[in-house]
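Next come the chains, spelled out residue by residue.
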Amino acid sequence: MELKEETPQDVNTPPAEVPPLRRIVVESETVPIRVGDYAGPPDPEYGREPWQLQAGLDGEPVWVEERMRTEDLSIAYGEKLAVKGVDLEVNSGEVLALIGPSGCGKTTLLRSLNRLVELTPAAKRTGRIILDDQDVDGFDVTQLRSRVGMLFQQPNPFPMSIFDNVAYGLRERGSKKPRRKQLEPIVVDALERAGLWDEVSSNLNHPALALSGGQQQRLCIARSLAVSPEVLLLDEPCSALDPISTGIIEETIVELRTEVAIVIVTHNLQQAARVADRVAFMYLGDMVEYGPAGQVFGDPREERTREYVGGGFG
Amino acid sequence: MSIEVRTAAPGPRPPQPDPTDPRPRPQPGQARHSGWSISDRVGLAAAWACGIALCVAAASIVGFMAWKGVQYLQLEMLTSSPEASMDQSKSGGFLDPLVGTLLLTVIGIAIAIPVGVGIAVWLTEYGRPAGLARLVESGVEVVAGTPSIVLAIFGLLVFQQTFMGIFSFTAEGGSVFGRSFLTAGSMMALIALPLVIGSTREALNSIPRHVREASYALGKDKASTIRRVLLPSARSGIATGATLGMGRICGDTAIVVVLLGASMQTTPESGPLGLLRGTGSTLTSYVYNNSPSGEGNAPEKAYAAAFVLLMIVLLLNFAVGLIGKRNKPQWN
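Visitor: Before we go on, may I ask you to explain the packing of helix α5 (residues 148-159) of chain B against helix α6 (residues 181-205) of chain B in this structure?
Guide: To characterise two packed helices, one gives the angle between the axes of the helices and the distance between these axes. All names here are of chain B. Contact geometry for α5 and α6: axes closest at 10 Å, N-to-C directions at 140°. The angle between α5 and α6 falls in the class oblique. Between α5 and α6 lies a crossing whose hand is right-handed. Where α5 approaches α6, its residues Ser148, Leu151, Phe154, Gly155 and Phe159 are matched on the opposing element by Thr183, Ser186, Met187, Leu190 and Ile191.

Visitor: Can you help me understand the interface of chain A and chain B in this one?
Guide: When the parts of a complex come together, some accessible area is lost, and that lost area is often taken as the interface size. Contacts between the two partners involve 34 residues from chain A, matched on the other side by 25 residues from chain B. Interface area for chain A against chain B, summed over the two sides, is near 2,600 Å², with a carbon-plus-sulfur share of 59%. It is A:Pro159, A:Tyr168 and A:Glu172 in chain A that bury the most area against chain B; as a group they hold 24% of the surface buried on that side. Here chain A is connected to chain B by one salt bridge. There are five residue pairs in polar contact (both at pLDDT 80 or more) connecting chain A and chain B. Those elements that place two or more of their residues in the side of chain A that touches chain B are α3 (141-147), β6 (148-151), α7 (213-226), α8 (243-256) and α9 (269-275) of chain A. Per-class residue counts for the side of chain A that touches chain B are 15 nonpolar, 13 polar and six charged.

Visitor: Even after reading the chapter, I still don't get the confidence of the model for chain B, so can you show me in this structure?
Guide: Detailed conclusions should not be drawn from predicted coordinates in areas where pLDDT is low. With 88% of its residues at a pLDDT of 70 or more, chain B shows a mean pLDDT of 86. This complex was scored by the predictor with a pTM of 0.78 and an ipTM of 0.78.

Visitor: Can you help me understand the pairing of strand β7 (residues 231-235) of chain A in this one?
Guide: In summary, the side chains of a regular strand alternate between the two faces of the sheet. Residue and element names in this part refer to chain A. Among the five residues in β7, five count as buried, and that is most of the element. With burial as the criterion, each face of β7 is covered, one bearing Val231, Leu233 and Asp235 and the other bearing Leu232 and Leu234. Relative to strand β8 (residues 261-265), β7 runs parallel, the two being bridged by five bridges. Of the residues in β8, the one forming a bridge with Leu234 is Ile264.

Visitor: Honestly, the pattern of salt bridges in this entry has me stumped. Any pointers?
Guide: Pairing between side chains becomes possible if they bear opposite charge and their charged atoms approach one another. Residues and elements named next belong to chain A. Under the counting rule described, the total for this entry stands at 25 salt bridges over all chains. When the shortest N-O distance is used, the salt bridge between Glu71 and Arg69 registers 3.0 Å. Of the charged contacts, one joins Arg147 and Asp132 as a salt bridge, the two residues approaching to 3.1 Å between their closest N and O atoms. Residue Arg147 is located in helix α3, and its partner Asp132 is located in the loop between β4 (123-131) and β5 (134-135); the two are separated by 15 residues in the primary sequence. Accessibility expressed as a relative area gives 18% for Arg147, which makes it buried. Take Asp132: its relative accessible area is 24%, and that puts it in the partly exposed class. Three or more residues joined by partner-sharing salt bridges are found here, namely Glu66, Arg69, Glu71, Arg128 and Asp135.

Visitor: Just checking my understanding: could you explain the state of the cysteines for this structure?
Guide: A covalent bond bridging the sulfur atoms of two cysteines is what the word disulfide describes. Within this structure, the stated rule accounts for zero disulfides over all chains. In this structure A:Cys220 is a free cysteine whose sulfur lies 12 Å from that of A:Cys238, the closest cysteine sulfur available. For A:Cys220, a relative accessible area of 1% puts it in the buried group. B:Cys50 carries a free sulfur, and the closest cysteine sulfur to it, the one in B:Cys55, is 11 Å from it.

Visitor: Explain the packing of aromatic side chains here, please?
Guide: With the rule as written, the count across this model stands at seven aromatic pairs over all chains. Summarising the aromatic geometry, the rings of B:Tyr72 and B:Tyr303 are spaced 6.2 Å apart at their centres and angled 15° between planes, so their arrangement reads as stacked. With B:Tyr72 in helix α1 (residues 38-72) and B:Tyr303 in helix α13 (residues 299-325), the pair connects residues that are 231 residues apart, well separated along the chain. An aromatic cluster of three or more residues is present, and its members are A:Phe281, A:Tyr283 and A:Tyr308. One cation-aromatic arrangement involves B:Arg179 over B:Phe177; the distance from NZ or CZ to the ring centre is 4.4 Å. The ring centre of B:Tyr126 lies 4.7 Å from the NZ or CZ of B:Lys222, which sits over that ring.

Calculation notes
- Sequence positions are assigned chain by chain, starting from 1 and proceeding in written order.
- The order in which chains are written sets their letters, starting at A; the order in which ligands are written sets their numbers, starting at 1.
- A pLDDT threshold of at least 70 governs which residues receive local features in this predicted model, and a stricter bar of 80 or more applies before side-chain atom pairs are shown or counted, although totals over entire chains, interfaces and linings include all residues.
- Side-chain measures here rest on the full set of heavy atoms in the structure, leaving out hydrogens and waters.
- To obtain each axis, a line is fitted to C-alpha atoms, and for helices this fit is confined to the stretch in contact; angles are then taken between N-to-C directions over 0 to 180 degrees.
- Each helix is a run of DSSP H or I of at least 4 residues and each strand a run of E of at least 2, with the numbering of both proceeding from the N terminus.
- Throughout this description, any angle smaller than 35 degrees is read as roughly parallel, any larger than 145 degrees as roughly antiparallel, any in the 65 to 115 degree range as roughly perpendicular, and the remainder as oblique.
- Crossing handedness is defined as follows: a turn of the near helix away from the far one that is anticlockwise and smaller than a right angle gives a left-handed crossing, while the clockwise case is right-handed.
- The contact criterion used throughout is that any non-hydrogen atoms of two residues lie within 4.5 Å.
- Using a 1.4 Å probe, buried area is obtained as the accessible area two parts lose upon being combined, added over both of them.
- Just to be clear on terms, a salt bridge is a Lys or Arg side-chain nitrogen sitting within 4 Å of an Asp or Glu carboxyl oxygen.
- Definition of a polar contact: a pair of N or O atoms within 3.5 Å, with one able to donate and the other able to accept a hydrogen when the atoms are protein atoms, and with sequence-neighbouring residues admitted only if both atoms are side-chain atoms.
- Ten residue types, Ala, Val, Leu, Ile, Met, Phe, Trp, Tyr, Cys and Pro, are classed as nonpolar, four, Asp, Glu, Lys and Arg, as charged, and the remainder, Gly among them, as polar.
- The predictor attaches a confidence to each residue, called pLDDT, with possible values from 0 through 100.
- Type-normalised accessible area, obtained with a 1.4 Å probe on protein chains alone, sets the label of each residue: buried when under 20%, exposed when over 50%, and partly exposed for intermediate values.
- Pairing between two strands is assigned when DSSP locates at least 2 bridges connecting them.
- Criterion for a disulfide: a pair of cysteine sulfur atoms within 2.5 Å.
- Aromatic rings from Phe, Tyr and Trp, with only the six-membered ring used for Trp, were paired whenever their centres fell within 6.5 Å, and each pair was classed as stacked if the ring planes differed by under 30 degrees, edge-to-face if by over 60, and tilted otherwise.
- Here, a charge over a ring is recorded when the distance from Lys NZ or Arg CZ to the ring centre is within 6 Å and its angle to the ring normal is within 35 degrees.

Quick look at the structure:
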């Protein structure tokens, strides 16, 4: 991502018609804004080209393909319905942001995609979740989770060396114990893709918890990437980080979306605007609106979305 | 990224003086406690006095024992076995009790750590059915609350059963002696167990839930999460509990007197594991037996041994502080 102020030019919708977005731009003068960046095929549903400021990072269009899908997914905690009949598509090659006010069910939805929500004893799920045309209930849960990785709000490296953290998911997979030499190329590759290699290449054996918060979070990304997931779920990954670390993580997310489908839950609308290609707005368990980022931010179809991205929900 | 400009939230107002309060208000320059009632002043003074008294008590324990210890302790006491002699110059030192203390501590903690960690892991990570978990918790509390002399007598009862002969030795008539390093060590394990369980549970509970979830999210099951992430994270907690437990084992007398046999010298049985099945003594029983209240009357040696024991226990406590500070993983 280029570090320069992005101004809307050459777009279908003139800036004057997108007051919420302008608000966002005005609020963050020192931060590069990347809205939309939607490089997928034209979206017939909206009858026009997706809003686009900038093609893929290197100018190349990114191939978009469905990886995961939910069908009429509902999740209840006891009596309380947290997610109500959501249909959602998760595509590789793009970043999907789940936005919405606190308690709207976005984290629950995210955690259901790798069946982590099942760890909550009271949680009940109906509807289907499909990964590559197979129902996730048919998977062994450990297998599903190595294909659908996750990053948490707090950086949480394990109390072991940097190397062992990244190699953690690779070990004990089969009956044979892999040697360090066999794991090393995968670990190095994962660290490189997470953008951490240059900083830690000389001290792979240092304890991971001695790293800074932002480095720890990137280590957690590398840890997830090492098991080569197809989908990566990010649950407010920057909420515990400083602005500079946040910027680096966002850059990493944008770079990664060409190889892995990314779903990010965020409270930060500007962050969603910066990284997302597609946005789903949730409110009180309902998925109110789902569409290309530029459209959801610039020209929301639903009144509730308009209020939220315009700050109406507070 | 949003740069939030927050105006300082209006905090609670500092308490304003109540104009109807009849008590004299402290004036600037007056002492801080001037408005206090007599009972408050007495209470504060008593709290100060108690704190200082404790310091004095602790200092005098260490001070007196060090004074007596340095006075009577000779290097050869640490290297020679106790001998039965009325002449104190020929009654030897306390090498056997010293080794006995170490041996008993090792046996006790070697049993207590795996059992205690296992119980703690089950309670924090599984703990189902809830009724069973509560039962286990009460069980731990019962064991923790039982006086060690009761544990000792109970141990004797158990280990004198005929089939328990392998832990001590069977006399020719078929009666089992029931007293040995193994039997005393297993009762000592019960003394250390609640401490190991307690601090392991505390360590496991302090690991945030998202750390466990991060491991599950990488496709790991519960067993390997416990083994590869949780137990290594709880290492310093386990070590703290184990060290506290070792301190308790070192200092316990009742179990040694009842279950380790009355021999001052370490007396191994024949056959494999003879040493562990044999009897002996520890520093605590040595101090007891040499003090005027015990059988012997060699207070100098009792003082010297007590000083060594105190040093061992203080070192263990010091180690607890060090372990607690280091190696503890810190998540946000």
